[in-house]
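What follows is each chain in one-letter form.
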Amino acid sequence: MTVFFWILSLISFSLFLSVCFWLSKARRYTSTKSVATAYDSWTNERLLEKLWGEHVHLGYYKQSFLKCDFRKAKIDFVHELIRWSGLDQLPKGSRILDVGCGIGGSARILAQDYGFDVLGITVSSAQVRRAKELTPQGLSCRFEVMNALDLKLENGSFDGVWSVEAGPHIPDKQQYADEMLRVLRPGGVLAVADWNARDPLDGETSLLEKWVMRQLLDQWAHPEFSSINEFRNHLLNSRFCGGEVQIEDWTKFTIPSWLDSVFEGFRRPKAIFSLGLKGFVSGIREIPTILLMRWAFSSGLMEFGVFRTRG
Ligand SMILES: C[S@@+](CC[C@H](N)C(=O)[O-])C[C@H]1O[C@@H](n2cnc3c(N)ncnc32)[C@H](O)[C@@H]1O
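Keep in mind the model is a prediction, meaning the values are calculated, not measured. Chains are numbered independently. Their residues run from 1 in the order of the written sequence. Note on the predicted model: pLDDT of at least 70 is required for a residue's local features to be given, and 80 or more for side-chain atom pairs to be given and counted; whole-chain, interface and lining totals, by contrast, use all residues.

Engineer: Looking at this structure, I do not really get the environment of Leu151. What am I missing?
Structural biologist: Secondary structure follows DSSP: runs of H or I at least 4 residues long count as helices, runs of E at least 2 residues long count as strands, and numbering of each begins at the N terminus. Tracing the chain through its elements places Leu151 in the loop between β3 (141-145) and β4 (158-164). Leu151 sits 91 residues away from Gly242 along the chain, and the two C-alpha atoms are 19 Å apart. Placing C-beta atoms from the backbone, we regard two residues as in contact once those atoms come within 7 Å. In contact with Leu151, other than residues within four places in its own chain, are Met146, Glu179 and Val183.

Engineer: Teacher, can you tell me more about the nonpolar core here?
Structural biologist: Nonpolar side chains in soluble globular proteins tend to be buried together. Ranked by internal contacts, the top residues of the largest apolar core, which has 81 residues, are Leu110, Val118, Val161, Met180 and Leu190. The dominant element in this core, judged by the number of residues it contributes, is strand β5 (residues 184-197), at eight residues. Excluding residues that lie within four positions of it along the chain, Leu190 makes contacts with Val161, Met180, Leu181, Leu184, Arg308, Thr309 and Gly311. Nonpolar core, as used here: buried Ala, Val, Leu, Ile, Met, Phe, Trp, Tyr and Cys residues forming one set through C-beta atoms within 7 Å. Exposure classes come from backbone-placed C-beta atoms, where a residue is buried if 20 or more other C-beta atoms lie within 10 Å of its own, exposed if 12 or fewer do, and partly exposed in between.

Engineer: I would appreciate a short explanation of the site of the ligand in the present structure.
Structural biologist: Nearness rests on one distance test: the residue's C-beta atom, set from the backbone, must lie within 6 Å of the molecule or strand. The ligand sits among 24 residues. The nearest are His57, Gly100, Gly102, Ala148 and Ala166. Looking at the shell around the ligand, the elements with two or more residues in it are α2 (32-45), α5 (105-114) and β2 (117-122). Considering each element in turn, the shell around the ligand owes the most residues, three residues, to α2. Class assignment of the residues belonging to the shell around the ligand gives a composition of eleven nonpolar, twelve polar and one charged. The classification used treats Ala, Val, Leu, Ile, Met, Phe, Trp, Tyr, Cys and Pro as nonpolar, Asp, Glu, Lys and Arg as charged, and all other residues, Gly among them, as polar.

Engineer: What should I look at first to understand helix α6 (residues 125-134) in this one?
Structural biologist: Because each turn of an α-helix spans 3.6 residues, side chains separated by three or four positions end up pointing in the same direction. Listed as buried for α6 are Gln127, Val128, Arg130 and Ala131. Of the surrounding secondary structure, the elements contacted by the buried residues of α6 are α2, β2 and β3.

Engineer: Help me understand helix α14 (residues 287-299), please; the structure alone is not making it clear to me.
Structural biologist: Taking 1.5 Å of rise per residue, 13 residues should cover 18 Å, and α14 covers 18 Å from first to last C-alpha, within 8% of that figure. Looking only at α14, the buried set comprises Leu292, Met293, Ala296 and Phe297. For α14, the angular spread of buried residues about the axis comes to 130°, placing them on one side. Looking at the packing, one finds that the buried side of α14 touches α8 (207-219), α10 (251-254), α11 (256-267) and β7 (302-310). Expected helix span is taken as 1.5 Å per residue step, with the number of steps being one fewer than the number of residues. Each direction from the helix axis to a C-beta atom contributes to the arc, which is the arc of those directions.

Engineer: Explanation requested: the pairing of β2 in the structure shown.
Structural biologist: Consecutive side chains along a regular strand alternate between the two faces of the sheet. Among the six residues of β2, five are classified as buried, and the element is accordingly described as predominantly covered. DSSP calls a pair of strands paired once it identifies at least 2 bridges connecting them. Bridge count for strand β1 (residues 95-99) against β2 is five bridges, and the pairing is parallel. Bridged to Leu97 within β2 is Leu119. Bridge count for β2 against β3 is five bridges, and the pairing is parallel. Within β3, the position partnered with Val118 by the bridge is Cys141. With α6 bridging β2 and its parallel neighbour β3, the resulting β-α-β unit is right-handed. Crossovers are described as right-handed under a simple rule: with the strands pointing away from the observer, the path leading from the first strand over the helix to the second runs clockwise.

Engineer: I keep staring at unusual backbone geometry and nothing clicks. Help me out?
Structural biologist: Excluding glycine, most residues fall at negative phi; most peptide bonds, likewise, are trans. For Arg46, which is not glycine, the phi dihedral falls at a positive 65°. Mapping Arg46 onto the fold places it in the loop between α2 and α3 (47-52). Non-glycine residue Glu165 carries a positive phi angle of around 60°. In this structure, Glu165 sits in the loop between β4 and α7 (173-182).

Engineer: Got a minute to help me understand the environment of Ile287 in this structure?
Structural biologist: As for its position among the elements, Ile287 is in helix α14. As a C-alpha pair, Ile287 and Leu259 span 28 residues in sequence and 9.5 Å in three-dimensional space.

Structural data, given as structure tokens:
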């Protein structure tokens, strides 16, 4: 009985701390710099990497998350998107740009497993440093600090462009689409995965949903989410778009990631405790946002869109 009481007290205290930190320390988007600062600190504190590995994106679950490890699901996600987008049809040596590359998890798979020559770009200098550390010598995979809205790259200089979950941090979605398609050669392959809001035509947003949406934006430095249709139109409206834009909603394949990302803390308690009190507090601080994301994706307020088109 006493043990039970202590466990319950510990859980309640952790939850209380978590909500206090969550409310007091939002990471509101103000400019691209606020995104860079958020990712610099996430990268330097290593919580994300120690818990969830090299990939800062959701997993693809072919079966229940109870039977699939979060880290494996993330790797499966990369292969599924490569296959679905048609990137796997490009020959070895093709030049691929990874827009918003994180610490290079996808870029290394594209280089290692498919033989591509990859450039990863991100606004976070800490991510570039860490991506370089994690990349084995000899792998055709480079990283640079660069803004997706102002790519310092030649027109048509890539055979493929890949961008996973960078869109939610980008304020001007049309410019984001234009820049990715501008650097893609005619006939090249574009593959994008994004967190999208429900289309405004699909229903009014209730007061509760508006409050949840505000938290989803403000807690993780997101300026706004586009809907799947809106982003498809941005791609179609770009003068560099070479044809049809195909879309799919992968919410059902990715949604187990949210709860699984919390369970990872229980599966790998050493990872959390090795970060000390500060890391532990940072970890529990993310739980309310993760749970709200889970709710938003399961209630239809948010959707996980994937997009493919040609340059
Ligand atoms: C959720 S993480 C995804 C990382 C990576 N794609 C992955 O799947 O592991 C979002 C990434 O987008 C990058 N990002 C956000 N805004 C950006 C911008 N304006 N230009 C370039 N990268 C940006 C962040 O720095 C971060 O690396």
